[in-house]
Amino acid sequence: MFFRLFFLVLTILLTGCEKEETQVCTDNFLKDKAGLEEDFKNINKIDPDLTVFKESLSQFLNNYPDKACTVGELKHHPHAEVKKMINEIDNAQNTLSIKVIYGDDNRVDLADYPDSDVQKLASSVAAMIPSENIDRKGNLKSDTLEEAYNLCSDQRFKEELVAANCTGFLVDDDLLVTAGHCLGTRAVCGNEKWVFGYHNGKTKVDVQDIYTCKEVVGLSYSPNKDLDFAVIQLNKNVSNRSPLRFKRKGLVNLGEELIIMGHPTGMSLKIADDAQVRSIEDEYFVANLDSFGGNSGSPVFNAQTLEVEGILVRGEVDYVNRNSCTVVNTCENNECRGEDVTHMSIVSGLDQFKALGTEKDFQNLLVAEASSNNNVYPLKVNQKKGFDYNLAGKRFLDTCITHVFQKDNNQIVSKKEFTCSEVEFQEIYEDFIELEGL
């Protein structure tokens, strides 16, 4: 009796599985799916095209159950992608001057910075934290700024931990750039942790945001020389964070407006702007950045393009004595020695930099990015930004599209549809590289 009951239950289960596996996609389902793909191809502006497209996506979810169906050997189950696209559209549609201290102290926490485009960049900036300052659960252990520097009671951020000793930033899936002196003269990895998301005075970070160095792939540092940079490969690809765009050729312009973000004196990430390029040397430029020890390795951004112009490597004395305690050293904007920044365009060891790359997994490569310009395709990739043009693309269901924009006005100059194959994408990418002369 038991065995007959067992086989009866097994037969019912197998029949149910077979019915699920052999459910045929209806003609209406395939027609509506193809309609979504066609609508996706035709989006060129944020409004009204994107709003109408979102309504079509929502209607599709309402019309069809969240189940797979088949056509021959092909299985279709697009609900997850459709929901993700709706979320990206929402993100795309929801889119002051901050300043050792030069002029006013304009360092602010990430949450307090008023520009959302600048805030997004911070997710790709990491803190170098000694192993003894962080445990396996992500708890941070260190003195406060007041304790570590005998800070006077009227100084800012005095209650924050100073867990980090350098900063780095992501330039590829697993490549990080920092200052060479953060590693010293050794061309091998140390025991430090590279931690993303150390923001807003946190005393604990997510374990999944903790990485280690796998290999040093580029290094230049000597106490007697000016050139100072390091490129390291992390122990695994960094998830849910996009590589920063950086200058590949040429030097920054004199007087260019700058923004820096990193971990001054080892604190949680701070952003400071209202800085300018004061002078330019062959291997570095000098600026009046509000930066400290711990900012070493920080990305220094062009305030207009948000490309990384360089790596913070040296600067003025950070703290000075005042009676029996210390205070932040303060200079006028055109005084003191200034802060030295290695030109990003002369950093070697970035030959592994993939830009858009030839990854098979386009889903990990292509991400949403908002834009206020109605002529810009709103769902961009990790952009490959050249000298005169931008290359961007997006995958949705069984359709991939790339666009090339003019850099000066973001006008679309070409648009290509393809079947998302690696071979096709490599051809498109090579055409772009040839166009840019890279």
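Residues numbered from 1 in each chain as written. Predicted model: local features only at pLDDT ≥ 70, side-chain atom pairs only at ≥ 80, totals over all residues. Heavy atoms only, no water.

*Asks:* Sorry if this is basic, but what is going on with the overall build of the protein here?
*Replies:* When helices and strands are tallied, the protein shows 8 helices and 23 strands. When the accessible area of the protein is evaluated, it comes to approximately 20,900 Å², of which 47% is carbon and sulfur surface. (Helix = DSSP H or I, 4+ residues; strand = E, 2+ residues; numbered from the N terminus. Areas by Shrake-Rupley, 256 points an atom, 1.4 Å probe, with all protein chains shown as cover.)

*Asks:* I'm lost on the sheet that holds strand β9 (residues 210-220) in this one. Help?
*Replies:* The sheet built from 6 strands closes into a barrel, its strands ordered β5-β6-β7-β10-β9-β8 with antiparallel pairing. Strand after strand, the sheet turns through a mean of 40° between neighbouring axes, direction not considered. One ladder, built from 4 bridges, connects strand β7 (residues 175-178) with strand β10 (residues 229-234); its direction is antiparallel. The partner of L175 across the bridge, within β10, is Q233. (Pairing = 2+ DSSP bridges. Axes fitted to C-alpha atoms, helices over the stretch in contact; angles between N-to-C directions.)

*Asks:* Please explain the packing of aromatic side chains as it appears in this structure.
*Replies:* How two aromatic rings sit relative to each other is given by the distance of their centres and the angle of their planes. By the definition in use, this model includes 6 aromatic pairs. Pairing F29 with F60 gives two aromatic rings, centres 5.6 Å apart and planes at 50°, and the pair type is tilted. Here the residue F29 occupies a position in helix α2 (residues 27-41), and F60 occupies one in helix α3 (residues 46-63), the gap between them amounting to 31 residues. Ring plane angle 85° and centroid distance 5.3 Å describe the contact between F29 and Y64, whose orientation is recorded as edge-to-face. With F29 in helix α2 and Y64 in the loop between α3 and β1 (69-71), this pair connects stretches of sequence that are 35 residues apart. By the burial criterion, F29 is buried, and Y64 matches it. (Phe/Tyr/Trp six-rings, centres within 6.5 Å; stacked < 30°, edge-to-face > 60°. Buried < 20%, exposed > 50% of the residue type's maximum accessible area, 1.4 Å probe, protein only.)

*Asks:* What exactly am I supposed to notice about a negative patch on the surface here?
*Replies:* A contiguous patch of negative charge on the surface is contributed by D143, E146, E147 and E159. Tracing the sequence through the fold places E146 in helix α6 (residues 145-149). What makes E146 partly exposed here is its relative accessible area of 31%. (Patch = residues over 30% accessible without salt bridge, like charges linked within 9 Å, V, L, I, M, F, W, Y side chains within 5 Å. Salt bridge = Lys/Arg side-chain N within 4 Å of Asp/Glu carboxyl O. Lys, Arg positive; Asp, Glu negative; His and termini not counted. Charge placed at Lys NZ, Arg CZ, Asp CG, Glu CD.)

*Asks:* Which parts of the structure should I look at to understand the nonpolar core?
*Replies:* In a soluble, globular protein the nonpolar side chains are often hidden away together inside. Ranked by size, the top nonpolar core spans 45 residues in total, and within it F169, W194, M261, I271 and M344 carry the most contacts. Per-element tally for this core: the top contributor is β10, with 5 residues. In contact with M344, other than residues within four places in its own chain, are F169, V171, V177, F246, K247, V308, E309, G310, I311 and L350. Listed in part, the 16 residues of the second largest apolar core include L36, M85, I86 and I401. (Core = buried A, V, L, I, M, F, W, Y, C linked by side-chain atoms within 4.5 Å. Contact = heavy atoms within 4.5 Å.)

*Asks:* I tried to follow α2 on my own but got confused; where do I start?
*Replies:* Note: α-helices contain 3.6 residues per turn, so residues at a spacing of three or four share the same orientation. Taking 1.5 Å per residue as the helical rise, α2 with its 15 residues ought to reach 21 Å, and the 21 Å between its terminal C-alpha atoms agrees with that figure. Regarding α2, the residues found buried are F29, K33, L36, E37, F40 and K41. What you see down the axis of α2 is that its buried residues fit within an arc of 145°, all on one side. Turned more than 90 degrees from where α2 packs its buried face, D27, N28 and K31 sit exposed. (Expected span 1.5 Å × (residues − 1). Arc of directions from axis to C-beta.)

*Asks:* Honestly, the pairing of strand β14 (residues 299-302) in this entry has me stumped. Any pointers?
*Replies:* Along any regular strand the residues' side chains alternate between the sheet's two faces. Residues of β14 alternate between two faces, with P299 and F301 on one and V300 and N302 on the opposite face, all of them buried. By the bridge criterion, 3 bridges tie strand β11 (residues 257-262) to β14 in an arrangement that is antiparallel. Bridge pairing links I260 to V300 in β14. Alignment of β14 against strand β15 (residues 308-314), held across 3 bridges, turns out to be antiparallel. Bridge pairing in β15 links F301 to V308. Taking the residues that link successive antiparallel strands as the turn, the β14-β15 hairpin has 5 residues, and the phi of L306 there is positive, at about 60°.

*Asks:* In this structure, what is going on with the pattern of salt bridges? I would like to understand it.
*Replies:* A side chain with one charge may pair with a side chain of the opposite charge, provided their charged atoms come close. Applying the stated criterion across every chain, the model contains 11 salt bridges. When the shortest N-O distance is used, the salt bridge between R337 and D340 registers 3.0 Å. For R337, a relative accessible area of 38% translates into the label partly exposed. The class of D340 is buried, set by a relative accessible area of 3%.

*Asks:* How should unusual backbone geometry be read in this particular structure?
*Replies:* Only a minority of non-glycine residues have a phi that is not negative, and only a minority of peptide bonds are not trans. At T265, a residue that is not glycine, the phi angle is positive and equals roughly 55°. Checked against the element boundaries, T265 lands in the loop between β11 and β12 (270-280). Residue T265 is classed as buried on the basis of its relative accessible area of 5%. At L306, a residue that is not glycine, the phi angle is positive and equals roughly 60°. Here L306 shows up in the loop between β14 and β15. Overall, the relative accessible area of 17% leaves L306 in the buried class.

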